[in-house]
Amino acid sequence: MIHSLFLINCSGDIFLEKHWKSVVSKSVCDYFFEAQEKAIDVENVPPVISTPHHYLISIYRDKIFFVSVIQTEVPPLFVIEFLHRVADTFQDYFGECSETAIKDNVVIVYELLEEMLDNGFPLATESNILKELIKPPTILRSVVNSITGSTNVGDTLPTGQLSNIPWRRAGVKYTNNEAYFDVIEEIDAIIDKSADLGQAVCSGSCILASCPGHRFHLPLCHYLQNPRLLDDVSFHPCIRFKRWESERVLSFIPPDGNFRLISYRVSSQNLVAIPVYVKHMISFKENSSSGRFDVTIGPKQNMGKTVEGVVMTVHMPKAVLNMNLTATQGSYTFDPVTKVLTWDVGKITPQKLPNLKGIVNLQSGAPKPEENPSLNIQFKIQQLAISG
Amino acid sequence: MTDSKYFTTTKKGEIFELKAELNSDKKEKKKEAVKKVIASMTVGKDVSALFPDVVNCMQTDNLELKKLVYLYLMNYAKSQPDMAIMAVNTFVKDCEDPNPLIRALAVRTMGCIRVDKITEYLCEPLRKCLKDEDPYVRKTAAVCVAKLHDINAQLVEDQGFLDTLKDLISDSNPMVVANAVAALSEIAESHPSSNLLDLNPQSINKLLTALNECTEWGQIFILDCLANYMPKDDREAQSICERVTPRLSHANSAVVLSAVKVLMKFMEMLSKDLDYYGTLLKKLAPPLVTLLSAEPELQYVALRNINLIVQKRPEILKHEMKVFFVKYNDPIYVKLEKLDIMIRLASQANIAQVLAELKEYATEVDVDFVRKAVRAIGRCAIKVEQSAERCVSTLLDLIQTKVNYVVQEAIVVIKDIFRKYPNKYESVIATLCENLDSLDEPEARAAMIWIVGEYAERIDNADELLESFLEGFHDESTQVQLQLLTAIVKLFLKKPTETQELVQQVLSLATQVADTPGLRARGYIYWRLLSTDPVAAKEVVLAEKPLISEETDLIEPTLLDELICYIGTLASVYHKPPSAFVEGSRGVVHKSLPPRTGSSESAESPDAAPSGVQATEQPAVIPTQGDLLGDLLTLDLGPPVSGPPIATSSVQMGAVDLLGGGLDSLVCLEDSAAASHSPGDGDCAHCVSVAVKCFWSTNLPGWRAPKGSFWEKLQGFLVSLTQVWLPAMKAKGLEISGTFSRQVGSISMDLVLTNKALQVMSDFAIQFNRNSFGLAPAAPLQVHAPLAPNQSVEISLPLNTVGSVMKMDPLNNLQVAVKNNIDVFYFSTLYPLHILFVEDGKMERQMFLATWKDIPNENEAQFQIKDCSLNADAVSSKLQGSNIFTIAKRNVEGQDMLYQSLKLTNGIWVLAELRIQPSNPSFTV
């Protein structure tokens, strides 16, 4: 099982170590640093590294490497899932999962890690239970603590840990009996030069915010009508799988607080249309150190909803030195080190289409770049379900 | 108020200051001090000096303080065992606390303190806690048993904790069940022999019930445990599958993958015509696809596993090609995996799409990825015949881009395509020749030279081209030199008139100037062939080559089946069985897929016939694998480093060192050629076939498979091949390759030790494990000078057969331990049996007849050797070369019958009857 955990920042300092069994020397991380050096880019460090005596399984989250050391045959997914859970918990507790946040709360971090894993076996990973055991730090609480001398650690038994529904505390009561659901759908599509859809995956999740303590029966009428619409669903453990199988009803006792109820995936066959289009003109002249760049983004018909939060990022070829562009809307930045062009467009109004055009300066003498830059466009549309 | 202030105190008297604070009366100050201590501990500062002071704070009602002290104790108890005893009383008291949280905390912490004295005190509280009324305490105690087992296994067994743990599997609380399973699995891992997780239908039923209700982590433990169960029939398998299927829609990807493992394994048992089988196949695809939308690390592990699943059951994902298309922002390790799976899924139906994608990838930025993409195009061409044309034109397009590494990679790939579809795409050669100058990597140069040599008759200026390469012969890598040598010989055989000078030049370069033994040996062979028998040379060098296999990189089916049992584990990420890399696996239990019941398919029975005779004549001591290893370990060579003997199938043959033995191989050529035909030498023949396989999979273009009459010569070559016995990566940089030979009555083992590590190696010693024929070194291993990095040394070690005898399986298996100043390494190898045939193996005719009749039937074995067309006289003279003597010869019904005898070093006679038919002799022993 999981032996030790090292937290390493981008510059290669080990700023926290935790051992659940015997102590493993820090030097084991040298193998990790070696792999990191080889990978050049931080994102490209392979997640599973074998060393003569141990295996290092790592994840990279928020500029921190979570490197776990294992000694025996353990499912790597188990470890990776757990590490992500640790990062999520830090995020949940401290609002951000950064080196400073962890250093500021090192004792809580230590207590959390101790609670989450016992001898390498996960113990309590549900945030509800953890919060009962170890209270998250707040400014108010730290003030109160320092005055009254009370502690951060709960001295009652975490009730949820004993019940069969570990995600919920006992005796939670709310005065108003209402629940809010956020349905977030994302499409992830690749479109080639000639506007043919290369690949599109629509994934959605239903997030329940604030809820009363009763049992829920949520008939999914929409999916009921067309159950084949969903390619794959994964549920929060609170959902009763039997009722979903037989009646297509989501029946569950919700946890306390926000949580992801289900997530689902719809494959491209069912997709209606991608709601934006891009007109692009990027060309590099032969034998001269410049090129032209002209991109326009426009909305397609999308039931009268506006497209918001549009951000375009382009990875330019290595030969690009800098870019001289003018944007009709929003602002752009070009990072000459990573060669990434970012254009923050904002809202698109159909009357005046945002456009970005100008000159690309190339390294003099460099050959014409071979590769075609890929445009990455993110946007949001409120109150529109792509899956239909 | 943050904790970072705890880090800021770096004054000199820090420890002293903390000590004072810890002993302060004020609760608040105490707590702050403990926090500071913990903070220093987390960054690796040594605060063990404060041990007594911190332990003093332990007796408190404040839960947080208690926890902090416990944290400290866990870290430092090991270094201060005597002090830790002070804490025992508090622990024992806490185990009786009315609050179950404190009871659990106490028992948990005690388990983490790895001090023998404390564990003694732990037993009683632990026993109580295992039977505690509160499930939280029980589940914590279950894990504690595993901890205790890790510290003192004997104690756990003596105290009967294992039985209590087994009882917990039928606990009413699913969390307790899950933890008990997890603890038992961990204990079982270090005790493969003990039957701890004794699964029967009842316990399986309990596990399946608990599966639905426990936490995600518990589900993983239970599913992994289920995967080890062997259902007794297909009905049971189906019912388990039905109950596991819902786990496929769990949010935790590890649960999903573990469920996939159980399903993949039990699916083996289901009949293919069952409706349920089809449904199950359909259900498996979506969750696997969903795994690919997770974080990149998860994707990577999932992809490695999907790679296995796709090879085992391609039908599951055959329609999902698109999800494996690479995204530009995927990390490189994900990209490469996706590419691999794309090729595996490529079929006639989707090849157009795949090729379009691959062509895009070939214009990407990342060089490694581009190379792999170009290779992928070649693999597609080889895999899907209909697409070959399109692939070739795509490759030509890429060559036109003139991007250096793309061109080089494309040429290597095109060479493979030529191998697969000979005489089909020669039209592209002209284009390739244009790019000759830009090639600077050895592999690409070698490929290009091969192409020129192979199609020399169609390239007008082939001699000029090759001559231009020859100018820089010295600076080329061995690969290119070998290729150039072969290509020029080919050219000479095709156009003998114009190129005589060239061939002489290259032969003298290869034999006189070159310092690589392989190159020299090859040069001599060609020289002799050309000078003695040009016709034969033509047949050898220009022989028709077998087509290269479709998928050279497929995992071997048996290994694949084993790996399927390990889906979701490290083994599946490395695509190696755990025995090959998991440290401390004391005799790993090999898992195998269950045989399919209820269908017509039946498992193939392994044929172990060849060595039948010897086996029955040997004293039948068949020790278990574990004992063997134990024996090796007791050799007094140094500290026992456990590592399972390298499976013989994984012994890799060094293709580049094909003729590494240099001239030796020429000398013993005839010897071993004959030996490979000897009737008693089935294993040897097998060894040859393995070698041939390796031979082809290495794809060295210059090597050709002589067919027909040259087959036996090839076998001769291969038997005396140097094999890499111990790859460098397994032995901290020491690579050992070697071969066995027999010359004038003595056996020797020729070793090449190469130091691939950075430090100097010295103090070499060698020892053999007991083996079937009592082989033992006759002299100590003598390496006179320390071996510097990147240096290699050749040693011939004389052997005798006076060592102790033990039956091995296979019979000619030899386990060797080599020691140097760094460590002790173990490897095992197969030696050719013919080295054991003694010179006085000729039996009197009368005696032969008498003995022949006396052989009981069960000692007889029959097998056939194919593809050999020698006449009887040739066979007998060749066999004699390796001490197999012909007693009589007669002709029955147009077949030559040869009666032969040979004697092994241990005095066993083997009698053989050789029946020679045209191309199909059969042997009776």
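Just so it is clear, the structure is predicted and the values come from calculations on it, not from any experiment. (Residues numbered from 1 in each chain as written. Chains lettered and ligands numbered in written order. Predicted model: local features only at pLDDT ≥ 70, side-chain atom pairs only at ≥ 80, totals over all residues. Heavy atoms only, no water.)

(A) Summary view of the nonpolar core. Residues and elements named next belong to chain A. Core analysis: the biggest nonpolar cluster contains 274 residues, and Phe66 and Phe90 have the highest contact counts within it. Residue contacts for Phe66: discarding those within four places in its chain leaves Leu5, Phe6, Leu7, Ile57, Ser58, Ile59, Arg61, Leu83, Val86, Ala87, Phe90 and Cys97. Core analysis: the second largest hydrophobic core is formed by 24 residues, Phe293, Ala319, Met323 and Trp343 among them. (Core = buried A, V, L, I, M, F, W, Y, C linked by side-chain atoms within 4.5 Å. Buried < 20%, exposed > 50% of the residue type's maximum accessible area, 1.4 Å probe, protein only. Contact = heavy atoms within 4.5 Å.)

(B) Structural context of the interface of chain B and chain A. Contacts between chain B and chain A engage 91 residues on the former and 91 residues on the latter. Ranking the residues of chain B by area buried against chain A places Trp217, Tyr328 and Leu570 of chain B at the top, with a combined share of 9%. Across the contact surface, chain B and chain A share five salt bridges. Across the pair Lys147 of chain B and Asp118 of chain A runs a salt bridge whose closest N-O atoms are separated by 2.8 Å. The tally of links between chain B and chain A comes to eleven residue pairs in polar contact (both at pLDDT 80 or more). Residue classes in the side of chain B that touches chain A are distributed as 50 nonpolar, 19 polar and 22 charged. (Buried area = accessible area lost by both parts, 1.4 Å probe. Salt bridge = Lys/Arg side-chain N within 4 Å of Asp/Glu carboxyl O. Polar contact = N/O pair within 3.5 Å; in protein donor to acceptor, adjacent residues only side chain to side chain. Nonpolar A, V, L, I, M, F, W, Y, C, P; charged D, E, K, R; others polar.)

(C) Up close: the sheet that holds strand β21 (residues 375-381) of chain A. All names here are of chain A. If you walk across this open sheet you meet the four strands as β18-β19-β16-β21, and the pairing is antiparallel. On the outer flanks of this sheet lie β18 (331-335) and β21, each paired with one strand and no other. Adjacent strand axes in the sheet meet at a mean angle of 15 degrees, parallel and antiparallel pairs treated alike. In terms of strand pairing, β18 meets strand β19 (residues 340-348) through five bridges, oriented antiparallel. Paired with Tyr332 across the bridge in β19 is Trp343. (Pairing = 2+ DSSP bridges. Helix = DSSP H or I, 4+ residues; strand = E, 2+ residues; numbered from the N terminus. Axes fitted to C-alpha atoms, helices over the stretch in contact; angles between N-to-C directions.)

(D) Just the packing of helix α22 (residues 388-400) of chain B against helix α23 (residues 404-420) of chain B, in detail. All names here are of chain B. Two numbers describe how α22 lies on α23: the axes approach to 9 Å, and their chain directions differ by 155 degrees. Relative to α23, the element α22 is oriented roughly antiparallel. For the pair α22 and α23, the sense of crossing is left-handed. Of the residues in α23, those touching α22 at Val392, Leu395, Leu398 and Ile399 are Val406, Val407, Ala410, Val413, Ile414 and Ile417. A breakdown of the residues in the contact of α22 with α23 according to their chemical character gives ten nonpolar, no polar and no charged. (Parallel < 35°, antiparallel > 145°, perpendicular 65-115°, else oblique. Left-handed = near helix turned anticlockwise from the far one by under 90°.)

(E) Focus on the sheet that holds strand β20 (residues 355-362) of chain A. Residues and elements named next belong to chain A. One open sheet holds the four strands; their spatial order is β14-β15-β20-β17, and the pairing between them is antiparallel. Bordering the open sheet on either side are β14 (276-284) and β17 (320-327), each of which pairs with just one other strand. Ignoring which end each strand starts from, the neighbouring axes of this sheet average 15 degrees apart. Sheet topology places β17 next to β20; seven bridges connect them, and they run antiparallel. Bridge assignment links Asn322 to a residue of β20, and that residue is Asn361.

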